[in-house]
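One-letter residues, chain by chain:
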Amino acid sequence: MTNSIIQIRNLCQSYHGQEVLHNIDLDIERGEFITLLGPSGCGKTTLLRLISGLESPDSGEIIINGHDVTQVSPQERFVNTVFQSFALFPHMNVYDNVAFGLRCQHVAKDEINERVIAALEMVKLEKFIHRKPNQLSGGQQQRVAIARAVINKPLVLLLDEPLSALDYRLRKNMQMELKALQRQLGITFVFVTHDQEEALSMSDRVAVIQEGNIEQLGTPREVYEEPNTLAVAKFIGEVNIFDTEIIEINNDDLTVNIEGRTLTLKNHKGFRADQKIYTLLRPEDIKVWDESEVTDTSNMLPAVIEEVIYKGSLVDLSIRLPSDRIIYATEFFNEDDDTLNYVHGEKVWVEWYPGWEVILPHED
């Protein structure tokens with residue numbers, strides 16, 4: 001028996017003759033927090049609107065809780081949507097906004113009161129029941145919108161970039177609150193964002209969408225540490241990408257040419273000699289050494305410090321290679337460690353631990 005609450009099969013959608021989604025297949029599990037992540041215009045919001053029933057697909061199927069709802073109206077799908085604008089009724093107070101859906105269903109007054117108070121307590125707004133939306137902060141308005149959505153006990157809650165209008169600190173707080181709320185409710189959350197950090201910090205799984213295709217589906221750690229494609233690697237966080245040529249293969253080791261130097265990498269994916277590949281390294285995986293600290297530079301790249309950016313607990317380094325190529329490294333800052341007092345123009349050596357790199361086939 002499947003544990004999927006939503007099953008999407010061969011879903012296609014186009015606007016004005018231009019295809020926006022291409023044969024999307026996706027299973028969303030019961031009780032999980034899944035994020036649809038991608039740049040503007042990639043199709044993630046279109047996919048959310050198709051799940052909610054606000055739009056109908058050109059072809060394909062949407063199955064919710066075992067029922068084909070492809071042509072079913074939004075109110076019969078048992079899903080609720082929280083929009084970026086929150087869409088609260090400005091003339092109603094908090095209580096009436098949250099109670100609105102239940103009143104439309106002609107639920108008994110006592111039950112409405114009980115459920116509204118419980119929903120507002122859940123989002124910590126029970127003291128604000130008489131306020132109008134314009135008397136609330138952005139974070140409080142967002143919590144009202146969530147309470148109004150979950151009070152109807154949906155199978156799935158859809159969230160279309162609900163945090164994008166909030167300031168940085170409030171956004172961070174709401175990320176934690178949303179994740180805690182999702183665990184408390186046990187409801188499946190489908191969250192749309194273009195913010196990579198937001199997706200990685202909140203999600204059980206992330207679907208990375210590029211140009212109407214799901215490029216990769218996996219846990220935050222999988223999509224960050226083991227990207228399937230160059231597009232995913234570039235979109236998720238910072239990454240250094242080296243054009244690489246395999247010179248020789250010896251068991252699990254690859255002898256390669258990177259930036260004109262012969263280095264050794266780990267052969268995880270069965271590459272062959274003379275094959276062109278990409279070597280990908282996250283900035284935090286690169287180790288920078290002062291010239292005076294090293295004696296064996298056989299598996300290192302020479303470089304010069306270009307910029308040093310202090311970020312409190314971290315130092316971001318911009319490093320120029322002999323080819324004039326700029327790469328980036330991130331190191332933890334220790335005020336007692338003089339070796340992190342890099343200066344512009346300082347000569348250094350760069351390396352990484354074998355196996356920390358990601359290797360992808362070259363895309364011609």
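Report on the accompanying structure. Quick caveat, the model's predicted, so the values are computed rather than measured.

Each value, and the rule that gives it
Residues numbered from 1 in each chain as written. Predicted model: local features only at pLDDT ≥ 70, side-chain atom pairs only at ≥ 80, totals over all residues. Heavy atoms only, no water. Helix = DSSP H or I, 4+ residues; strand = E, 2+ residues; numbered from the N terminus. Buried < 20%, exposed > 50% of the residue type's maximum accessible area, 1.4 Å probe, protein only. Core = buried A, V, L, I, M, F, W, Y, C linked by side-chain atoms within 4.5 Å. Contact = heavy atoms within 4.5 Å. Pairing = 2+ DSSP bridges. Axes fitted to C-alpha atoms, helices over the stretch in contact; angles between N-to-C directions. Salt bridge = Lys/Arg side-chain N within 4 Å of Asp/Glu carboxyl O. Expected span 1.5 Å × (residues − 1). Arc of directions from axis to C-beta. Phe/Tyr/Trp six-rings, centres within 6.5 Å; stacked < 30°, edge-to-face > 60°. Lys NZ or Arg CZ within 6 Å of the ring centre and 35° of its normal. Parallel < 35°, antiparallel > 145°, perpendicular 65-115°, else oblique. Left-handed = near helix turned anticlockwise from the far one by under 90°. Nonpolar A, V, L, I, M, F, W, Y, C, P; charged D, E, K, R; others polar.

1. Concerning the environment of Tyr-353
Then, in step 1: Following the sequence through the fold, Tyr-353 ends up in the loop between strand S19 (347-351) and strand S20 (358-361).
Then, in step 2: When its relative accessible area of 54% is taken as the criterion, Tyr-353 is described as exposed.
Then, in step 3: Taking the C-alpha atoms as reference points, Tyr-353 and Gly-138, 215 residues apart in sequence, are found 45 Å from one another.

2. Considering the environment of Arg-221
Then, in step 1: Locating Arg-221 in the fold gives a position in helix H7 (residues 220-225).
Then, in step 2: Residue class for Arg-221 comes out exposed when judged on its relative accessible area of 61%.
Then, in step 3: When the C-alpha atoms of Arg-221 and Ile-51 are compared, they prove to be 26 Å apart, with 170 residues separating the residues in sequence.

3. So, the nonpolar core
Then, in step 1: Judged by nonpolar contacts, the single largest core of 38 residues is most densely connected at Val-98, Val-116, Leu-120, Leu-157 and Leu-178.
Then, in step 2: At the level of secondary structure, the elements contributing two or more residues to this core comprise helix H2 (94-104), helix H3 (109-122), helix H4 (138-150), strand S7 (156-160), helix H5 (168-185) and strand S8 (188-193).
Then, in step 3: The residues touching Leu-157, leaving out its near neighbours within four places in the chain, are Asn-80, Val-82, Ala-149, Val-150, Ile-187, Thr-188, Phe-189 and Val-190.
Then, in step 4: If you look at the next biggest cluster of nonpolar residues, it comprises 26 residues, including Val-288, Ala-303, Leu-321 and Tyr-342.

4. Digging into the sheet that holds strand S3 (residues 33-37)
Picture the strands of a sheet paired through backbone hydrogen bonds; they go either parallel or antiparallel.
Then, in step 1: Spatially, six strands are ordered S6-S7-S8-S3-S9-S10 in an open sheet, and the strand pairing comes out mixed. A single partner strand is all that each edge strand has here, and the edge strands are strand S6 (79-82) and strand S10 (213-218). Sheet twist, expressed as the average angle between the axes of neighbouring strands with direction ignored, equals 20°.
Then, in step 2: With four bridges connecting them, S3 and strand S9 (residues 205-210) associate as parallel partners. Bridged to Thr-35 within S9 is Val-206.

5. Re the pairing of strand S4 (residues 59-64)
Then, in step 1: Alignment of strand S1 (residues 4-15) against S4, held across five bridges, turns out to be antiparallel. Residue pairing in the sheet places Cys-12 in a bridge with Ser-59 of S4.
Then, in step 2: Alignment of S4 against strand S5 (residues 67-68), held across two bridges, turns out to be antiparallel. The partner of Ile-63 across the bridge, within S5, is Asp-68.
Then, in step 3: What sits between S4 and S5 in their antiparallel hairpin is a turn of two residues, with Asn-65 showing a positive phi close to 55°.

6. Side note on the pattern of salt bridges
Then, in step 1: What the rule picks out here adds up to 16 salt bridges.
Then, in step 2: A salt bridge links Arg-325 to Glu-259, with the nearest nitrogen and oxygen atoms 3.9 Å apart. With Arg-325 in the loop between strand S17 (314-320) and strand S18 (326-332) and Glu-259 in the loop between strand S12 (253-258) and strand S13 (261-266), this residue pair connects regions lying 66 residues apart in the sequence.
Then, in step 3: Judged by relative accessible area, Glu-259 falls into the partly exposed class, the value being 31%.
Then, in step 4: In this structure, Asp-316 and Lys-311 form a salt bridge, with 2.7 Å as the shortest nitrogen-oxygen distance.
Then, in step 5: Judged by its relative accessible area of 51%, Lys-311 is exposed.
Then, in step 6: Among the charged side chains, a network of salt bridges with common partners joins Arg-171, Asp-195 and Glu-198.

7. Concerning the sheet that holds S20
Then, in step 1: Reading across the sheet, the five strands line up as S13-S12-S11-S14-S20 and stay open at both edges, with antiparallel pairing between neighbours. Lying at the two open borders of the sheet, with one neighbouring strand each, are S13 and S20. The mean inter-strand angle of the sheet, taken between neighbouring strand axes irrespective of direction, is 45°.
Then, in step 2: The pairing of S12 with S13 spans six bridges and is antiparallel. Bridge pairing links Val-256 to Leu-263 in S13.

8. Focus: H3
Then, in step 1: Taking 1.5 Å as the rise per residue, H3 with 14 residues should run 20 Å; its terminal C-alpha atoms sit 20 Å apart, in good agreement.
Then, in step 2: Of the residues making up H3, those classed as buried are Ile-112, Arg-115, Val-116, Ala-119, Leu-120 and Met-122. Each buried residue of H3 sits inside an arc of 150° when the element is viewed along its axis, so together they form one side. Exposed side chains of H3 directed beyond 90 degrees from the buried face belong to Asp-110 and Glu-114.

9. Details of the packing of aromatic side chains
Then, in step 1: On inspection of all chains with the given rule, the structure shows five aromatic pairs.
Then, in step 2: Aromatic side chains Phe-33 and Phe-189 sit 5.6 Å apart centroid to centroid with 45° between the ring planes, which places their arrangement in the tilted category. A residue pair is termed long-range when its members are at least 10 positions apart, and Phe-33 in strand S3 and Phe-189 in strand S8 qualify at 156 residues. One exposure class covers both Phe-33 and Phe-189, and it is buried.
Then, in step 3: An aromatic cluster of three or more residues is present, and its members are Phe-33, Phe-189 and Phe-191.
Then, in step 4: The ring of Phe-89 has Arg-148 lying over it, and the distance from NZ or CZ to the ring centre is 5.6 Å.

10. So, the packing of H2 against H4
Helix-helix packing: each pair is described by the crossing angle between the helix axes and the interaxial distance.
Then, in step 1: Contact pair H2 / H4: the axes reach a minimum separation of 7 Å and the direction vectors enclose 30°. Judged by the inter-axis angle, H2 sits roughly parallel to H4. The chirality of how H2 crosses H4 is right-handed. Residues Val-94, Asn-97 and Val-98 of H2 touch H4, and the partners they reach there are Val-144, Ala-147 and Arg-148.
Then, in step 2: Residues of the contact of H2 with H4, tallied by class, amount to four nonpolar, one polar and one charged.

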